[in-house]
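# Secondary and tertiary structure notes
As a plain string of letters, each chain reads:
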Amino acid sequence: MMRALWLAGLFAVHAQSVDALECAAVDFDGLRYTVCEVDATTDDLELFLFDDAGDPLGQFSTINRMLAPQNKRLAFAMNAGMYHEDRAPVGHYVEDGVEIMRVIESAGPGNFGLLPNGVFCLRPGRADVFETKEYLAETPGCEDASQSGPMLVIDGALHPRFLEDGRSKYIRNGVGTSADGKRAVFAISDEPVNFHSFGRLFRDHLKTPNALYFDGKISRLYAPSLDRSDFGFSLGPIVGVVVADE
């Protein structure tokens, strides 16, 4: 019952669905976001980076062209981690069980190095966000994984470096997961926000005990149920829900 009430409140505005996937416009603390919730137990959630020739896929449309011969398509997608100029991932990346980039443990410049950072991990029937040291300790055996940073929410607490009045504001996107791994909730701000506001969205409104920042400025969303397909420069890692093309 509580689950049904939560969904009704969250997706009362502009909500549409494909299978268990739900995308909607959300207002929280006077700021506007678009949120897509995925049921990790039923939805086919995957990571994408390179095609069979080793070239970056880069765009949502490129992934759809790759899926078309299989009579499949994307029902949702967003960028899913930071990358270098050649679109190679900055941090740990695993796709279909193959490690493409190792785990980066050290602090460094930029948001990725604002420790603690974390890893988005996909396993059969579940999705999880792990703080990086916890990920290394647990070795969860992800079929797909993408490391990014900083963590937004860590075991129910905001990242300790976030300031309520932080002046750095950008369009930002990220993901939060439920403790049981059944819910993966993706969000992108529809106006510039600081880290504190974005973290609170996941902790206080979306109720995810762990959440990870994917990126800012280049953040993009593909949500055909909302007639939305953001376009821009070629991306690195992309996460998406794959469905049969009816």
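Up top is the structure.
Residues numbered from 1 in each chain as written. Predicted model: local features only at pLDDT ≥ 70, side-chain atom pairs only at ≥ 80, totals over all residues. Heavy atoms only, no water.

## Considering helix α4 (residues 195-205)
Within an α-helix, residues lying three or four positions from one another point in the same direction, as the helix has 3.6 residues per turn. Here is the rule we go by: Any residue under 20% of the maximum accessible area for its type is buried, any over 50% is exposed, and the rest in between are partly exposed; the area is computed with a 1.4 Å probe on protein chains only. Helix numbering and strand numbering both begin at the N terminus, where a helix is a DSSP run of H or I of at least 4 residues and a strand a DSSP run of E of at least 2. Side-chain atoms alone can form a polar contact between residues adjacent in sequence; in general such a contact is a pair of N or O atoms within 3.5 Å, and within protein one must be able to donate a hydrogen while the other accepts it.
Among all positions of α4, only F195, H196, F198, G199, L201 and F202 are buried. At the N-terminal end of α4, a side-chain oxygen is found 3.2 Å from the backbone nitrogen of H196, two or three residues along, and the residue is N194. K207 occupies a position one or two residues after α4 and carries a positive phi of about 60°.

## Notes on the packing of aromatic side chains
Selection criterion: Think of it this way: a Phe, Tyr or Trp ring, Trp meaning its six-membered ring, pairs with another when their centres are within 6.5 Å, and the plane angle makes it stacked under 30 degrees, edge-to-face over 60, tilted otherwise.
Evaluation of the coordinates by the stated rule reveals nine aromatic pairs. Aromatic pair F162 and F195: ring centres 5.1 Å apart, planes at 5°, arrangement stacked. With F162 in the loop between β12 (157-158) and β13 (172-177) and F195 in helix α4, this residue pair connects regions lying 33 residues apart in the sequence. Taken individually, F162 and F195 each receive the classification buried, so the pair is uniform in this respect.

## Some remarks on the sheet that holds strand β10 (residues 144-148)
Basically, it comes down to this: Pairs of strands are assigned from DSSP output, requiring at least two bridges between the strands. Between N-to-C directions, angles cover 0 to 180 degrees, with each direction set by a line fitted to C-alpha atoms, over the stretch in contact for helices.
Here five strands make up an open sheet; going across it, the order is β7-β6-β10-β8-β9 and the pairing antiparallel. Each edge of the open sheet is held by one strand with a lone partner, namely β7 (98-101) and β9 (126-131). Neighbouring strand axes in the sheet, compared pairwise and without regard to direction, differ in orientation by 20° on average. As paired elements, strand β8 (residues 118-123) and β10 share five bridges and run antiparallel to each other. Its bridge partner being in β10, G118 is matched across the sheet by S148.

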